[in-house]
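# A look at the structure
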Amino acid sequence: MGVLNATPDSFSDGGRHLDPAVAAAVAESMVAAGAAILDLGGESTRPGARPVSAREERRRVLPVLAAVRRAVRVPLSIDTMKAEVAAAALDAGADIVNDVSAGRFDRAMLPLCGRAGVPVVLMHMRGRPATMQRRPAYRNVVADVAAFLGRRAAAARRAGVAADAIVLDPGIGFGKTLSHNLALLAHLDVLAGLGYPVLVGVSRKGFIGTLCGGAGPDGRVFGTAAAVALAVARGARLLRVHDVAAMRDAVAVAAAVTGA
Ligand code: HH2
């Protein structure tokens, strides 16, 4: 899953794909490099990010989505916590909803996904982006995240989402310390054991910079590849990444070794 953010402030690619024509060209190159899905978002969820209105999010993401829809045939996912934005994106040709609040922030979100019959990614986050990195604490991070995701999957089922339309995500970096992120990656098999496909988003995230001598987002590609390969080995089925060509190779090798 290639990441295309139509935001001025995303931590890694902020401001790069606001122009629909540029976004369409990047989308084409991501698909040529092996992306099977593209994820488009109009609101940054980096730690401390300020929320934006539904109107502003739609203004940012819909022109980009329309241009990307014309440019590529792969399924498009809309990264949003707002049902209004998700509904407009589905009308404009999106195929999947990626909600980092797992349907908690907008009660209309899961019923919308159920009615539309589209797959939904349910991600774990502690609190909200603005405050999630303030002293994150868990009793047992793997057990707590697994219990949360199990509850959210049940809520999605009650709202009419089909079992085979649910994807779970541990939410790497969303209200987690370095050791929380590492524990979740090391024990991803516990989450995969819930019976739904698992998506992992480690791409260029802060914990990789911490482990790689303080590297900035552009210097985290090899560290991302290591995390992606290990996530595949522990059962991840979808990898949300910025560097599609590099991660296609990491996934190919990791999947071959895992399957051998
Ligand atoms: N991470 C980010 C955004 N959306 N969605 C899922 N399902 N899983 C993730 O790990 C995830 C996500 C954050 O990364 P990015 O989009 O690059 O940055 P920003 O939130 O600053 O736009």
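Everything below is about the structure printed above this text.
Now for a description of the structure that goes with this document. (Residues numbered from 1 in each chain as written. Predicted model: local features only at pLDDT ≥ 70, side-chain atom pairs only at ≥ 80, totals over all residues. Heavy atoms only, no water.)

A few words now on the nonpolar core. The biggest cluster of nonpolar side chains holds 71 residues, and the ones touching the most others in it are L38, L40, V68, V97, L122, V200 and V202. Residue contributions to this core peak at 9 residues, all from helix α5 (residues 141-158). For L122, the residues in contact, after removing those within four places along its chain, are D99, A102, L110, L149, R152, A153, A156, I166, V167, L168 and D169. The next biggest cluster of nonpolar side chains, apart from the first, holds 7 residues, and it includes M1, I96, V167 and L238. (Core = buried A, V, L, I, M, F, W, Y, C linked by side-chain atoms within 4.5 Å. Buried < 20%, exposed > 50% of the residue type's maximum accessible area, 1.4 Å probe, protein only. Helix = DSSP H or I, 4+ residues; strand = E, 2+ residues; numbered from the N terminus. Contact = heavy atoms within 4.5 Å.)

Even without being a glycine, A102 presents a positive backbone phi close to 55 degrees. Secondary-structure assignment places A102 in the loop between β4 (96-99) and α4 (109-116). Owing to a relative accessible area of 0%, A102 belongs among the buried residues under this scheme. Phi is positive for R135, which is not a glycine, with a value near 45 degrees. Here R135 is to be found in the loop between β5 (120-123) and α5. For R135, a relative accessible area of 77% gives the class exposed.

Here 6 strands make up an open sheet; going across it, the order is β1-β2-β3-β4-β5-β6 and the pairing parallel. Bordering the open sheet on either side are β1 (2-5) and β6 (166-169), each of which pairs with just one other strand. Between one strand axis and the next, the sheet turns through 25 degrees on average, direction left out of account. Sitting on the sheet, helix α2 (residues 54-71) touches β1, β2 (38-41) and β3 (76-79), and the angle it makes with β2 is about 155 degrees. (Pairing = 2+ DSSP bridges. Axes fitted to C-alpha atoms, helices over the stretch in contact; angles between N-to-C directions.)

Below, the discussion takes up the pairing of β4. In β4, alternate side chains face the same way, and those of I96 and N98 on one face and V97 and D99 on the other are all buried. Looking at chain direction, β3 and β4 are connected through 3 bridges and run parallel. Following the sheet pairing, S77 is matched in β4 by I96. Handedness of the crossover joining β4 and β5 through α4: right-handed. (Right-handed = clockwise from strand over helix to strand, strands pointing away.)

Scope: geometric values only; no functional claims are made or implied.
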